[in-house]
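# Commentary on secondary and tertiary structure
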Amino acid sequence: FGDILGAGLNYEGKFDTIGLAAAFTGEMGDADTAAVEDLRAWNIGTVLSFSGFSLAGSYGDWSDSGNANNSDSDYYTLGGAYDFGPFGASVTWLDSNVEVAGVDNDFQNLVIGADYSLAPGLTPYAEVSFFDADAAGAALDNEGTILLLGTELAF
């Protein structure tokens, strides 16, 4: 793509004890070849928070950007988190779909994570991700589990 233009709007505020954040972004650009469609994409998302709990969601649409005609791509996410003292935990779900000529290619990912602040600037964490990719044709399907363990150091 070339001649790409991106823009976004966001809001963050608090109403009594409830926090609200919302954002909208968009992007457009010209395809480098006539074989694929121009870039036309947008995303909208929000987070509500209350007493250490957060609930988030987003939806994005690429339409047929970068693909041949008669295709459509989109995704959504849902997530929840809880922070209490030095401990935090979250669960997030992603579902995306690319449809080409009426054939669906789906991807889902569930991520569960936790962290603990041992000291200022030292936070170990663990995350497990369960994914499932269902492409057109049974031979192309893929699923698995990923475990991440790490430590975040902030100076």
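Read on for an overview of the structure. (Residues numbered from 1 in each chain as written. Predicted model: local features only at pLDDT ≥ 70, side-chain atom pairs only at ≥ 80, totals over all residues. Heavy atoms only, no water.)

With antiparallel pairing, nine strands are arranged side by side in an open sheet as E1-E2-E3-E4-E5-E6-E7-E8-E9. Pairing within the sheet leaves two strands with one partner each, and these edge strands are strand E1 (2-15) and strand E9 (142-153). Ignoring which end each strand starts from, the neighbouring axes of this sheet average 10 degrees apart. As paired elements, strand E6 (residues 87-100) and strand E7 (residues 103-116) share 14 bridges and run antiparallel to each other. Bridge pairing in E7 places Ser-96 opposite Phe-107. (Pairing = 2+ DSSP bridges. Helix = DSSP H or I, 4+ residues; strand = E, 2+ residues; numbered from the N terminus. Axes fitted to C-alpha atoms, helices over the stretch in contact; angles between N-to-C directions.)

We now examine unusual backbone geometry. With a phi close to 50 degrees, Asp-3 is a non-glycine residue in the positive phi region. Structurally, the position occupied by Asp-3 is in strand E1. Even without glycine at this site, Asp-16 takes up a positive phi of about 60 degrees.

What follows concerns the side chain of Ser-65. Inspection of the secondary structure puts Ser-65 in the loop between strand E4 (53-63) and strand E5 (71-84). You can call Ser-65 buried: its relative accessible area is 13%. Looking at Ser-65, its side chain comes within polar contact range of the main-chain nitrogen of Arg-40, at 2.7 Å. Beyond its immediate stretch of four places on either side in the chain, Ser-65 contacts Phe-1, Glu-37, Asp-38, Leu-39, Arg-40 and Ala-41. (Buried < 20%, exposed > 50% of the residue type's maximum accessible area, 1.4 Å probe, protein only. Polar contact = N/O pair within 3.5 Å; in protein donor to acceptor, adjacent residues only side chain to side chain. Contact = heavy atoms within 4.5 Å.)

A full pass over the atoms with the stated rule returns seven aromatic pairs. Between Phe-24 and Trp-42 the ring centres are 6.2 Å apart and the planes differ by 25 degrees, which places this aromatic pair in the stacked class. In this pair, Phe-24 is assigned in strand E2 (residues 18-30) and Trp-42 in strand E3 (residues 39-50), connecting sequence segments 18 residues apart. For Phe-24, a relative accessible area of 37% corresponds to the partly exposed category. Exposure remark for Trp-42: the relative accessible area of 36% places this residue in the partly exposed category. When the ring of Phe-84 is compared with that of Phe-87, the centres are 4.9 Å apart and the planes differ by 55 degrees; the resulting orientation is tilted. On the basis of relative accessibility, which here comes to 38%, the residue Phe-84 falls in the partly exposed class. In this structure Phe-87 comes out as partly exposed when scored by relative accessible area, which is 28%. Members of the aromatic cluster, joined through ring pairs, are Phe-53, Tyr-82, Phe-84 and Phe-87. (Phe/Tyr/Trp six-rings, centres within 6.5 Å; stacked < 30°, edge-to-face > 60°.)

Another point: the pairing of E4. Sheet topology note: the E3/E4 ladder contains nine bridges and is antiparallel. Looking at the pairing, Thr-46 lines up with Gly-57 of E4. Taking the residues between adjacent antiparallel strands as the criterion, E3 and E4 are bridged by two residues, where Ser-51 takes a positive phi near 50 degrees. Judged from the ten bridges that link them, E4 and E5 form a sheet pairing that is antiparallel. Following the sheet pairing, Leu-55 is matched in E5 by Gly-80.

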